[in-house]
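Next come the chains, spelled out residue by residue.
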Amino acid sequence: MTSLLFPGSFDPFTRGHLNIARRAAKICDKLYVVVMNNRKKTYAFDLEERVNMCKLALQDLDNVEVVGSDGLLVDLFKELGCNAVVRGIRSESDYRYEAEMALANKLLCPDYDVTLLLCRSDLSLISSSIVKEVAHYGGDISGMVPGEILKLVEDRLMKGRPL
Ligand code: PNS
């Protein structure tokens, strides 16, 4: 059985993330979407809220399981026995970031491998940061986040909470 692990902050989960998850789910038997913490970021949604948003957005995909973890990616990779990690890239700078992270993870775990999926061009300008910025000022984010979590994201971010 082939299993892939799609990790990310998902703060919040976007239509770009959804597209990567759908495509990754097609090329493996089991996809673990893992909500993690990136120490370089401060979050608008806590880990549990981000996990719940991913579950709502991915509920129609039978071979996808959403989990949350505050640990190291390589530890979860080994624990779940995955074949590879999957990440989406939108640009050259994303590629550089991913290459750096993959090399560090490979040092920690020689079995570690990553599959990079190119983001669909019409979704490549969407990021969680853009969603937070637009929503904060009351803009329309319906084309940026999955319909299942739109209200939840709007309610939280439009109340003027810090970005
Ligand atoms: O969506 P992001 O913020 O780009 O995802 C980055 C994430 C969460 C996958 C990365 O920061 C991560 O793997 N965090 C878990 C802790 C860890 O293993 N850090 C070492 C990465 S080299």
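In case you missed it, the structure is sitting above this.
This one's a predicted model, so the numbers in the text were calculated from it and none came from an experiment.

(A) Expanded view of the side chain of Thr-14. Mapped onto the fold, Thr-14 is located in the loop between strand E1 (3-8) and helix H1 (15-26). A distance of 3.2 Å separates the side chain of Thr-14 from the backbone nitrogen of Gly-16, its partner in a polar contact. Setting aside its immediate chain neighbours within four residues, Thr-14 contacts Ile-126, Ser-127, Ser-128, Val-131, Met-144, Val-145 and Pro-146.

(B) Examining the pairing of E1 more closely. With six of six residues buried, E1 lies mostly within the body of the structure. Burial along E1 is two-sided: the face carrying Ser-3, Leu-5 and Pro-7 and the face carrying Leu-4, Phe-6 and Gly-8 are both buried. In the sheet, E1 pairs with strand E2 (residues 30-35) via six bridges, with the strands oriented parallel. Bridged to Gly-8 within E2 is Val-35. Tracing the backbone out of E1, into H1 and back to the parallel element E2 gives a crossover that is right-handed.

(C) Focus on the site of the ligand. Surrounding the ligand, one finds 14 residues, the nearest of these being Ser-9, Lys-41, Leu-73, Arg-87 and Tyr-97. At a separation of 2.8 Å, an oxygen atom of the ligand approaches a polar backbone atom of Leu-73. Taking Arg-87, its side chain carries an N or O atom lying 2.9 Å from an oxygen atom of the ligand. In isolation the ligand has 540 Å² of accessible area, and contact with the protein removes 82% of it. The element contributing the most residues to the shell around the ligand is helix H4 (residues 92-108), with four residues. Taken together, the residues of the shell around the ligand sort by class into six nonpolar, six polar and two charged.

(D) View of unusual backbone geometry. Between Asp-11 and Pro-12 the backbone carries a cis peptide bond, its omega angle lying at 0 degrees. Within the secondary structure, Pro-12 sits in the loop between E1 and H1. Here Phe-10, not a glycine, exhibits a phi torsion of approximately 50 degrees, which is positive. Tracing the backbone shows Phe-10 in the loop between E1 and H1. Judged by relative accessible area, which is 2%, Phe-10 ranks as buried.

(E) Molecular detail of the sheet that holds strand E4 (residues 84-89). Strand order across the open sheet formed by five strands is E3-E2-E1-E4-E5, with parallel pairing between neighbours. Two strands close off the open sheet at either side, each with one partner strand: strand E3 (64-68) and strand E5 (114-118). Ignoring which end each strand starts from, the neighbouring axes of this sheet average 30 degrees apart. Looking at chain direction, E1 and E4 are connected through two bridges and run parallel. Note on E4: the bridge partner recorded for Leu-5 is Val-85. Where helix H2 (residues 47-57) meets the sheet, it contacts E2 and E3, and its direction lies at approximately 170 degrees from that of E3.

How each quantity is defined
- Residues numbered from 1 in each chain as written.
- Predicted model: local features only at pLDDT ≥ 70, side-chain atom pairs only at ≥ 80, totals over all residues.
- Heavy atoms only, no water.
- Helix = DSSP H or I, 4+ residues; strand = E, 2+ residues; numbered from the N terminus.
- Polar contact = N/O pair within 3.5 Å; in protein donor to acceptor, adjacent residues only side chain to side chain.
- Contact = heavy atoms within 4.5 Å.
- Buried < 20%, exposed > 50% of the residue type's maximum accessible area, 1.4 Å probe, protein only.
- Pairing = 2+ DSSP bridges.
- Right-handed = clockwise from strand over helix to strand, strands pointing away.
- Near = heavy atom within 4 Å.
- Areas by Shrake-Rupley, 256 points an atom, 1.4 Å probe, with all protein chains shown as cover.
- Nonpolar A, V, L, I, M, F, W, Y, C, P; charged D, E, K, R; others polar.
- Axes fitted to C-alpha atoms, helices over the stretch in contact; angles between N-to-C directions.

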